[in-house]
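Results of the structural survey
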Amino acid sequence: MGKAASLRKSFFESLDGILPVDRLFDGVPDIVFFIKDADGRYMAVNDTLAARCGLADKEAALGLTAEELFPPPLGNAFALQDREILRGGNPIRDHLELHLYPGGRSGWCLTFKEPVMGKNGQVAGICGISRDLHSPGEQGEDFAALSGAVDYIHRHYDEALRLPGLAEMAGLSVYQFDQRIRSLFHVTAGQYLVKVRIDAACKCLSGSNEPIAQIALSCGYSDQSAFSRQFKQAVGISPLAYRKKVARD
């Protein structure tokens, strides 16, 4: 175990109970925060989530599942996400989806969910946030179509994706598609595709012993040299150096 990992372990073991992260997010009204256990039951939420679900306080959400807390079809969709993460341990990032807004109306948000690992190395739960998207000029159908294209990138980043095809999928011109991606993720559409592929590569490099050439192919690169060049440009070090660094930490 590296020095940084050792310090982190000592710090968390020295704490008396769980960090009050939910209270930290109580002061952010446009972000929903939650922690769930291995059965998808809420173990912690912030005031924003409780208020939008019409609860008297956030303690009333504890022990409930998404299907019990949210109306259909929202609750069913959230619960399905939870089961996929708990089963496979894969995070959900930059996911465009409908959520509850103030007053009980539905609105679009960006959701991030990460698996929480137990001491036995198994997935023990989920933590996540959903951030409201405030774009008065956007129509709901624009986000719906864009959501499908962004989701396609996350599911098919290993393929030879082209921006014209992704833009067409969203019902937009390439310019419009790029502008929507810029407004949401603060990078160009091309940079966003690179980000998704590099994120996947980092996960493979840190969690497997696959040859780097094979990782390059599985992340949508036609050859290892192109992958290594783009990886170093994005991360600052080569794929091999990254793998060694993660192993030390």
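Residues numbered from 1 in each chain as written. Predicted model: local features only at pLDDT ≥ 70, side-chain atom pairs only at ≥ 80, totals over all residues. Heavy atoms only, no water.

A few points about the sheet that holds strand E4 (residues 106–117)
Across the sheet, which stays open at both edges, the 5 strands sit in the order E2-E1-E5-E4-E3 with antiparallel pairing between neighbours. This sheet does not close on itself; its edge strands, each paired only once, are strand E2 (42–45) and strand E3 (92–100). When strand polarity is set aside, the average angle formed by the axes of neighbouring strands in this sheet is 25 degrees. Relative to E4, E3 runs antiparallel, the two being bridged by 7 bridges. Note that in E4 the partner of His99 across the bridge is Gly107. Most of the contacts of helix H5 (residues 74–88) go to E3, to which it runs at about 160 degrees, and overall it touches strand E1 (31–37), E3, E4 and strand E5 (123–132). (Pairing = 2+ DSSP bridges. Helix = DSSP H or I, 4+ residues; strand = E, 2+ residues; numbered from the N terminus. Axes fitted to C-alpha atoms, helices over the stretch in contact; angles between N-to-C directions. Contact = heavy atoms within 4.5 Å.)

Overview of the packing of aromatic side chains
Following the criterion strictly, the structure yields 8 aromatic pairs and no others. Where Phe185 meets Tyr192, the ring centres are 4.4 Å apart and the plane angle is 20 degrees; that geometry is what we call stacked. Residue Phe185 shares its accessibility class with Tyr192, and that shared class is buried. An aromatic cluster is defined as three or more aromatic residues linked by ring pairs; in this entry it consists of Tyr221, Phe227, Phe231 and Tyr242. Residue placement shows Lys36 over the ring face of Phe34; its charged tip is 4.9 Å from the ring centre. One residue, Arg197, lies across the ring of Tyr221, its end atom 5.9 Å from the ring centre. (Phe/Tyr/Trp six-rings, centres within 6.5 Å; stacked < 30°, edge-to-face > 60°. Buried < 20%, exposed > 50% of the residue type's maximum accessible area, 1.4 Å probe, protein only. Lys NZ or Arg CZ within 6 Å of the ring centre and 35° of its normal.)

Digging into unusual backbone geometry
The omega torsion of the bond from Pro72 to Pro73 falls at 0 degrees, within 30 degrees of zero and hence cis. Take Pro73: it is sitting in the loop between helix H4 (66–69) and H5. Phi is positive for Asp94, close to 55 degrees, though the residue is something other than glycine. Taking relative accessible area as the criterion, Asp94 reaches 5% and is therefore assigned buried. Even without a glycine there, the phi angle at His186 is positive, about 65 degrees. Inspection of the secondary structure assignment puts His186 in the loop between helix H8 (174–185) and helix H9 (189–207).

On their own, these measurements won't tell you what the molecule is for.
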